[in-house]
2 protein chains.
Amino acid sequence: MEKFDLLIRGATLPGRGERDIGIRDGKIVKIAERVEGEAKEVINAKGKLAFPTFANMHTHISMTLLRGLGADLPLMDWLQKVIWRLEERFVSPEFVRDGALLGIVEAIRSGTTLFMDMYFFEEVLAEVCESVGIRAGLGFGILDFPTKVAKSPEEYIKRAREFIQKVKGSKLVFPVVCPHAPYTCSPKTLLMAKELALEHDLLLHIHVAETRAEVEKIKEQYGKTPVLHLESIGFLGDNVLCAHMVWTTEEEREVIRERGVKVAHCPESNLKLASGIAPVPDYVRRGITVCLGTDGAASNDNLNMLEELSTCAKLHKGANLDARAIDAKTALDIATVNGFKTARIKAGKIEEGYEADIMLLDTNRPEFQPLYDPVAQLVYSASSESIDTVVCAGRVLMEKRELKTIDEKEVYAKAKLWREKISSALY
Amino acid sequence: MEKFDLLIRGATLPGRGERDIGIRDGKIVKIAERVEGEAKEVINAKGKLAFPTFANMHTHISMTLLRGLGADLPLMDWLQKVIWRLEERFVSPEFVRDGALLGIVEAIRSGTTLFMDMYFFEEVLAEVCESVGIRAGLGFGILDFPTKVAKSPEEYIKRAREFIQKVKGSKLVFPVVCPHAPYTCSPKTLLMAKELALEHDLLLHIHVAETRAEVEKIKEQYGKTPVLHLESIGFLGDNVLCAHMVWTTEEEREVIRERGVKVAHCPESNLKLASGIAPVPDYVRRGITVCLGTDGAASNDNLNMLEELSTCAKLHKGANLDARAIDAKTALDIATVNGFKTARIKAGKIEEGYEADIMLLDTNRPEFQPLYDPVAQLVYSASSESIDTVVCAGRVLMEKRELKTIDEKEVYAKAKLWREKISSALY
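Here the structure is a predicted model, which means the values were calculated and not measured.

Rules behind the numbers
- Residues numbered from 1 in each chain as written.
- Chains lettered and ligands numbered in written order.
- Predicted model: local features only at pLDDT ≥ 70, side-chain atom pairs only at ≥ 80, totals over all residues.
- Heavy atoms only, no water.
- Helix = DSSP H or I, 4+ residues; strand = E, 2+ residues; numbered from the N terminus.
- Rg over C-alpha atoms; globule rule 2.2 N^0.38 Å.
- Buried < 20%, exposed > 50% of the residue type's maximum accessible area, 1.4 Å probe, protein only.
- Contact = heavy atoms within 4.5 Å.
- Areas by Shrake-Rupley, 256 points an atom, 1.4 Å probe, with all protein chains shown as cover.
- Lys, Arg positive; Asp, Glu negative; His and termini not counted.
- Charge placed at Lys NZ, Arg CZ, Asp CG, Glu CD.
- Buried area = accessible area lost by both parts, 1.4 Å probe.
- Salt bridge = Lys/Arg side-chain N within 4 Å of Asp/Glu carboxyl O.
- Polar contact = N/O pair within 3.5 Å; in protein donor to acceptor, adjacent residues only side chain to side chain.
- Nonpolar A, V, L, I, M, F, W, Y, C, P; charged D, E, K, R; others polar.
- Domains from an automatic or database assignment.
- Pairing = 2+ DSSP bridges.
- Right-handed = clockwise from strand over helix to strand, strands pointing away.
- Least-squares fit on C-alpha atoms with pLDDT ≥ 70 in both.
- Phe/Tyr/Trp six-rings, centres within 6.5 Å; stacked < 30°, edge-to-face > 60°.
- Arc of directions from axis to C-beta.
- Axes fitted to C-alpha atoms, helices over the stretch in contact; angles between N-to-C directions.
- Parallel < 35°, antiparallel > 145°, perpendicular 65-115°, else oblique.
- Left-handed = near helix turned anticlockwise from the far one by under 90°.

1. As for the overall build of chain A
Broken down by element type, chain A carries 15 helices and 18 strands. Whereas a compact globule of 427 residues would reach a radius of gyration of roughly 22 Å, chain A reaches 21 Å, a difference of no more than 12%. Referenced to the eigenvectors of the C-alpha coordinate spread, the extents of chain A come out at roughly 65 × 45 × 45 Å. Taking all 427 residues of chain A together, the buried fraction comes to 68%. Sequence-distant contacts, at least 24 apart, represent 72% of the contacts inside chain A between residues at least 6 apart. Surface accessibility of chain A: about 14500 Å² in total, with carbon and sulfur atoms responsible for 49%. The averaged location of the 63 negative side-chain charges in chain A is 1 Å from the averaged location of its 57 positive side-chain charges.

Written as structure tokens, this is what we have:
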């Protein structure tokens, strides 16, 4: 008798019909019409659709405690007048822990099992993720100016090295090197970061070409547009994940493709901060790997990847006057498998041998009725309320929309305490 | 002792704090910190935010049975190759009833208490709306070509007159005259429709300037762009609600403003069908009344006004590179009070003397934590899962996300039967 840790019974796999899914050691080991065997835990998924979970490839999850602050301001005003001022005053290990838990509640509730984060006190975040059972690629932002992390570029790199030693080999969490952006890091800082990443075979996660103002600034400073600047100093490679990439030239897109650089597209943040609309259909056409991210909840203003996916699929059709610009299947890949692949995790598909990162959706809801095309209806119709169950690395994080590894009430109680403190600084 | 039909206790009104709301004969009659009196029904709204409900100002609600069909096709292909073919075969009074109920389930669950509809067999829809307690402005599409409604423009007008007689004086439902579009109605048909509307003091609801192709067609046929064509024949007036209005010239916008024409903006449908992005910030700047609509669920692909509102607020910032293009408060007005006002219903605000169309939102959810700015968080962060209670004209349609006037299971069972029939015609 084959043994499983978790057996999902009778889930509907789009295009394949009802299937049992046997999971062992965090992996999908068997998919069949009927899987025989013993399981520690069984989920009856009759009438539920199974989809891979989402990979949120660019966020600052602890910023959830600053949700919605500075609404209706453009990026630089929002950063300088609201966010950086509040961060300077409030960000601490406790802020990061409480903010991350609130963000993770939201992430799980909307079907996310991996997020790529860049913020402060990421070692606290690492502990939180391991304990609640969600995957994360973590690194603090490396900058030329001092923050709570370090005082000089050299000290940031030293701290990053310590963080890597601490986190490497964790089960769900992996370290990432995060030089903040070409406009906040000198070429020297960028190259130190790159060297550290190569030394440990890690990803580099960086903001690039988010706004027109950034492009102007980099051109003024270096005589080149941001991607060409990064290329000219030898920064780019297939371990580089560039968030945003709204303003790029044709020439830059070719460089990106040649170097195997990955793009983390954040459509809602780019809209809300009035940064613009990234040329995603063109990236896809060229064969560049595009992933999806929510950015932080202070500029989105939520961490809902299902909403982000829907926006991604619709936005580029309208902006390009082309109903085939990004179709439902492409959008779903962008939100799932492309992200996991970039993070070097074999997940994002429900196949034997893949990691068991799976969500089950309740179809007895208006958006899935009548059920003609599960993929199109997930992308264009669904809301996260349909996400009934979320499994990450074989562990059930949510069932019947109830979180299994986090006490939601406690998380909200802490958010309310933070609200008192932070509100008093706003006025 | 003052008597109420419904008393909402301790709801948080944004900017005003906790208030009791006393409702009688469908209207808000008293708002105070403490309302004393007897009530047939009391709702404890402690910890819940009260907002006006949404007015969905352009939809074809029974098309919910065709949800998502023809995804990733542009408007004309989608209409001609998929939708019109299926409608020809399947639309019947039963289709309209079952589709409307499914759509109304979704509408209520996402906070809508008024919708403006244009479709077939609207008399069936009128009965459904009265019986489940939702407001609707109804009319069948008037066209130059024959459909199930009529064979000639004259017959459409005759049917419209009969429909008006049948529906006028209803409590929640009001008749609207719906010439389909300038590209499907001759000037003569448009003017017959206008005359009928004036005769009965009704709104005219029409699709205008949805795609570039439509503009080209009208220019070719009449030598003018669509709005100027409508103006030249004397069609426009302050009782005209134009859906879409994506492609308009500066001159046309001035005409729209002068005539007091209202715009029903459908951002998600315009994106998904690759029609384009309407110049909404410019309409607002000129003082044109802009309302919001989802369009039908076959081109959106849902009827979720909260999602539509969020898309509206973010889209125009990104498309115009201006973070103040449409702020949260303006977007909320577009989705609420502007729609009710256009429909000549005193609702869309929580004030004494207004109709009791109110929703209560649960703040013990991640998107409302921490709660800094209720309006911004409703617009940018919330998902419809937070909408706990919906009241329409003083009647509770949903409480704790449970519908009070519709049997959801039965609605889904019928949708599944329709799926069987319609699917078999797809392949």
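Text resumes after the structure shown.
2. Here's the deal with the interface of chain A and chain B
On the chain B side, the residues contacting the 66 residues of chain A number 66 residues. Between chain A and chain B, a total of about 5100 Å² is buried, with carbon and sulfur atoms accounting for 58% of that surface. Note that A:K317 is salt-bridged to B:D72, the shortest N-O span being 3.0 Å. Summed over the shared surface of chain A and chain B, the number is 31 residue pairs in polar contact (both at pLDDT 80 or more). Residue composition of the side of chain A that touches chain B, grouped by class: 30 nonpolar, 15 polar and 21 charged.

3. Points about the domain arrangement of chain A
A common way to report how large an interface is uses the accessible area buried once the components associate. Residue and element names in this part refer to chain A. The domains assigned to chain A are domain 1 (3-52 + 356-403) and domain 2 (54-342). Between domain 1 and domain 2, the C-alpha centre-to-centre distance is 29 Å. Each partner contributes to the interface: domain 1 provides 22 residues, whereas domain 2 provides 29 residues. Interface area, domain 1 with domain 2, both sides summed: about 2000 Å², of which 66% is carbon and sulfur. At the surface where domain 1 touches domain 2, the tally comes to one salt bridge. The tally of links between domain 1 and domain 2 comes to six residue pairs in polar contact (both at pLDDT 80 or more). Ranked by residues supplied to the side of domain 1 that touches domain 2, first place goes to helix 14 (residues 374-380) with five residues. Among the residues forming the side of domain 1 that touches domain 2, the class breakdown is 17 nonpolar, two polar and three charged.

4. Looking at the pairing of strand 12 (residues 240-244) of chain B
Residue and element names in this part refer to chain B. Across the five residues that make up strand 12, a large majority, five, are buried. Pairing geometry for strand 11 (residues 204-208) and strand 12, over five bridges, is parallel. Each residue of the ladder has a partner; that of I206, found in strand 12, is C242. Across three bridges, the pairing between strand 12 and strand 13 (residues 262-265) is parallel. Within strand 13, the position partnered with A243 by the bridge is A264. Chirality of the crossover, the property in question, places the unit of strand 12, helix 8 (residues 250-259) and strand 13 among those that are right-handed.

5. Structural notes on the relation of the copies chain A and chain B
The transform that puts chain A on chain B rotates by 180 degrees and translates by 0.0 Å along the axis, for an RMSD of 0.0 Å. Put plainly, the chains are arranged around a two-fold axis. Of the C-alpha atoms belonging to chain A, the one lying closest to the rotation axis is found on A:E385, 3.0 Å away. Here 100% of the contact residues of chain A are again contact residues in chain B; the copies associate through an equivalent surface.

6. Quick notes on the pattern of salt bridges
Opposite charge on two side chains allows them to pair when their charged atoms are near. Taken as a whole and judged by the stated rule, the model has 80 salt bridges over all chains. Put simply, B:K3 and B:E38 hold a salt bridge, and the shortest N to O gap is 3.8 Å. Of the two residues, B:K3 sits in strand 1 (residues 3-13) while B:E38 sits in strand 4 (residues 38-44), which places them 35 residues apart along the sequence. On the basis of relative accessible area, B:E38 is assigned to the partly exposed category, the value being 42%. Several salt bridges share partner residues, and in doing so they unite A:E250, A:R253, A:E254, A:R257, A:D282, A:R285 and A:R286 into one network.

7. With respect to the packing of aromatic side chains
Here a ring pair, both rings aromatic, is described through the centre-centre distance and the interplanar angle of the planes. All names here are of chain B. One pass over the full model with this rule turns up eight aromatic pairs over all chains. Measuring from ring centre to ring centre gives 6.0 Å for W84 and F145, while their planes differ by 65 degrees; the resulting arrangement is edge-to-face. Here W84 is found in helix 1 (residues 75-90), whereas its partner F145 is found in the loop between strand 8 (135-142) and helix 4 (153-167), with 61 residues between them in sequence. Judged by relative accessible area, which is 30%, W84 ranks as partly exposed.

8. So, helix 8 (residues 250-259) of chain A
All names here are of chain A. Buried within helix 8 are the following residues: E252, R253, V255 and I256. All buried residues of helix 8 fall inside an arc of 160 degrees around its axis, so they share one side. Of the exposed residues in helix 8, the ones pointing more than 90 degrees away from its buried face are E250, E251 and E258. In this structure, the buried side of helix 8 is in contact with helix 7 (226-232), strand 13 (262-265) and helix 10 (280-286).

9. Some details on the packing of helix 11 (residues 305-320) of chain A against helix 12 (residues 328-335) of chain A
Residues and elements named next belong to chain A. Remark: helix 11 packs on helix 12, axes separated minimally by 9 Å, with the N-to-C direction vectors making an angle of 140 degrees. Viewed along their axes, helix 11 and helix 12 adopt a mutual orientation that is oblique. Seen from above, helix 11 lies across helix 12 with right-handed handedness. Taking contact as the criterion, the partners of M305, L309 and A313 in helix 11 are, on helix 12, A331, L332 and A335. Considered class by class, the residues forming the contact of helix 11 with helix 12 number six nonpolar, no polar and no charged.

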